[in-house]
Amino acid sequence: MNRLYGHDATLSRFSESLEAGNLHHAWLLYGMKGIGKHILAEKLAGLLMCESQSGCGACHACKMLAAGSHPDVFRLGLIEGKRDLNIEQVRSVLSFLSLSGAESGRRVVILDDAERMNNQAANALLKGLEEPSAGSVLLMACSDLERLPATIRSRCMLQQCSPLTDTDVRAVLQQQAPPIDQQYLDLAVSLADGCPGVVSGLQDESIARALQEWQSLIADPAGADVGKIEAWIRAHVKTVPHLLIARMLAMAVYPALQQPCTASAFESRELLQKALHECICWPGDVVRHSLRAGPALLACMLQLRTALRAMKTT
Ligand SMILES: [Zn+2]
């Protein structure tokens with residue numbers, strides 16, 4: 001199993017309450033996408049299941065857990081291509097938790113993407129949270145706390161998980177298999193911005209190379225060569241993760257927004273903020289409104305360029 005970086009506070013809070021015998025039956029681990037909440041949940045499950053309650057990695061329980069074959073641990077998350085977690089999935093969680101543990105007397109469910117439960121599913125889970133069965137622990141990972149009903153949040157032990165330091169991000173990226181090519185590691189660390197999970201696409205060298213090209217094309221967004229940008233978009237918009245394209249664009253624009261703003265430049269600065277907002281929303285808008293990704297991205301880029309030029313002339 002991968003080593004865990006950056007969540008020591010959560011680990012110690014969890015093991016302290018485990019040792020004190022007052023462990024809450026439902027933990028809600030929340031924080032940004034890509035910071036390792038699932039790996040953290042696996043570690044917590046390891047503390048619960050391990051024969052010495054230390055997550056030793058060497059005992060029979062730890063080995064089964066690492067192999068994904070521990071009979072008392074159940075994992076569930078959004079199925080690729082599905083919009084949400086549905087009631088049947090939540091029912092399977094609840095019926096698993098209601099049985100008593102075969103190996104350990106405990107039962108653990110790791111529920112990823114908790115914010116993607118639909119209303120029916122959330123209502124079903126709520127009932128389960130009100131009547132926990134002895135020895136059962138639910139570990140939920142959630143990237144958007146606001147999307148979870150308050151009734152669920154209030155019945156869980158809330159644990160905020162923070163983005164990682166750049167040093168930890170680098171360590172996480174270096175232990176991945178296959179590793180990100182050394183020459184793209186700095187780029188990956190800065191793009192990750194504390195969330196190594198979001199840059200896993202750079203393990204594919206052609207994607208890493210394309211992003212590096214994108215970075216140099218948009219280094220000066222105000223003076224960017226539209227023809228070259230159009231060609232890049234045509235060649236890569238289908239393969240390079242949209243989130244990373246948009247994130248890189250936003251990073252190129254931030255410095256202009258951080259400069260002190262004169263009264264006369266106020267309008268163009270607002271224009272820039274609006275254009276930046278559209279650029280950040282572009283990956284989601286493409287999905288939500290079935291936009292054609294390439295033309296929509298080019299439109300964002302042109303808006304940013306216009307706004308930046310207006311700022312320079314005022
Ligand atoms: Zn162990």
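The notes below deal with the structure included here. (Residues numbered from 1 in each chain as written. Predicted model: local features only at pLDDT ≥ 70, side-chain atom pairs only at ≥ 80, totals over all residues. Heavy atoms only, no water.)

A few words now on the pattern of salt bridges. In total, this model carries 7 salt bridges according to the counting rule given. Where arginine 107 meets aspartate 72, a salt bridge forms, and the shortest distance between an N and an O atom there is 3.2 Å. Within this pair, whereas arginine 107 is found in strand β3 (residues 107-111), its partner aspartate 72 is found in the loop between α3 (60-66) and β2 (73-76), the two being separated by 35 residues in sequence. Judged by relative accessible area, which is 8%, arginine 107 ranks as buried. A residue is classified by how much of its surface remains accessible, and aspartate 72, at 0% relative accessible area, is buried. In this structure, the salt-bridge partner of lysine 274 is glutamate 278, at a minimum N-O distance of 3.6 Å. Note that lysine 274 and glutamate 278 are positioned in helix α12 (residues 266-288) at a spacing of 4 residues, about one turn of the helix. Overall, lysine 274 belongs to the partly exposed group, its relative accessible area being 48%. (Salt bridge = Lys/Arg side-chain N within 4 Å of Asp/Glu carboxyl O. Helix = DSSP H or I, 4+ residues; strand = E, 2+ residues; numbered from the N terminus. Buried < 20%, exposed > 50% of the residue type's maximum accessible area, 1.4 Å probe, protein only.)

Time to look at the nonpolar core. Of all hydrophobic cores here, the largest spans 77 residues; its most connected members are Leu139, Leu211, Trp214 and Trp282. Looking at this core element by element, the count peaks at 10 residues for helix α13 (residues 293-313). Taken domain by domain, the makeup of this core includes at least three residues from each of domain 1 (8-160) and domain 2 (204-313). If we skip the residues at most four places from it in the chain, leucine 211 touches Leu187, Leu191, Leu202, Val240, Leu244, Ile245 and Met248. Within the second largest apolar cluster, 27 residues are counted, among which are Tyr30, Leu85, Phe96 and Met140. (Core = buried A, V, L, I, M, F, W, Y, C linked by side-chain atoms within 4.5 Å. Domains from an automatic or database assignment. Contact = heavy atoms within 4.5 Å.)

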